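Here's the letter readout for the chains.
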Amino acid sequence: QVQLVESGGGLVQAGGSLRLSCAASGKIFSIGAMGWYRQAPGQQRELVATITSGGSTNYADSVKGRFTISRENAKNTVYLQMNSLKPEDTAVYYCTAEISRVGIVGKLDYWGQGTQVTVSS
């Protein structure tokens, strides 16, 4: 059984910073791309950032220059450093990962439970 557990969300003032973490656990053979999505009330879920197993990154235009995605492969963990936060960044943030399980051929997408980020004016 593979799980993704997120942490680091909370309440912060505009201009502040937060660092989100997401650790994968279980009988994992390998992890491919990892990423972060977010969903604000009444809005569709949107892609925030992705990172490949080789470290290549992509960001939504709305967060470029402010957010940084990174990973520690030895810990099966992906991070999202969020700086210069704005009220419009308020959302539930979800971690996702492409994971190959022990004894199973191919990768499947897994999702974390989500963590709330609230940015006050």
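Keep in mind it's a predicted model, so treat the numbers as computed, not measured. (Residues numbered from 1 in each chain as written. Predicted model: local features only at pLDDT ≥ 70, side-chain atom pairs only at ≥ 80, totals over all residues. Heavy atoms only, no water.)

### Observations regarding the pattern of salt bridges
Tallying each qualifying case throughout the model produces five salt bridges. The residue aspartate 89 makes a salt bridge to arginine 38 at a minimum N-O spacing of 3.0 Å. Linking aspartate 89 in the loop between β8 (77-82) and β9 (91-101) with arginine 38 in strand β4 (residues 28-39), this pair joins segments that are 51 residues apart in sequence. For the pair aspartate 89 and arginine 38, a shared accessibility class is recorded, and that class is buried. Within the structure, one salt-bridge network assembled from shared partners comprises Arg38, Glu46, Arg66 and Asp89. (Salt bridge = Lys/Arg side-chain N within 4 Å of Asp/Glu carboxyl O. Helix = DSSP H or I, 4+ residues; strand = E, 2+ residues; numbered from the N terminus. Buried < 20%, exposed > 50% of the residue type's maximum accessible area, 1.4 Å probe, protein only.)

### So, the side chain of serine 100
Following the sequence through the fold, serine 100 ends up in strand β9. Within the local environment of serine 100, its side chain forms a polar contact with the side chain of lysine 107, the two groups lying 3.5 Å apart. In contact with serine 100, other than residues within four places in its own chain, are Ile28, Phe29, Ser30, Gly106 and Lys107. (Polar contact = N/O pair within 3.5 Å; in protein donor to acceptor, adjacent residues only side chain to side chain. Contact = heavy atoms within 4.5 Å.)

### A short note on the sheet that holds strand β3 (residues 18-25)
The pairing of strands in a sheet comes from backbone hydrogen bonds and takes either a parallel or an antiparallel form. With respect to topology, four strands assemble into an open sheet ordered β1-β3-β8-β7, the strand pairing being antiparallel. The outermost strands of the open sheet, each flanked by one partner alone, are β1 (3-7) and β7 (67-72). Between one strand axis and the next, the sheet turns through 15 degrees on average, direction left out of account. In the sheet, β3 pairs with β8 via six bridges, with the strands oriented antiparallel. Within the sheet, the bridge partner assigned to cysteine 22 lies in β8 and is valine 78. (Pairing = 2+ DSSP bridges. Axes fitted to C-alpha atoms, helices over the stretch in contact; angles between N-to-C directions.)

Purely geometric numbers; function is a separate question.
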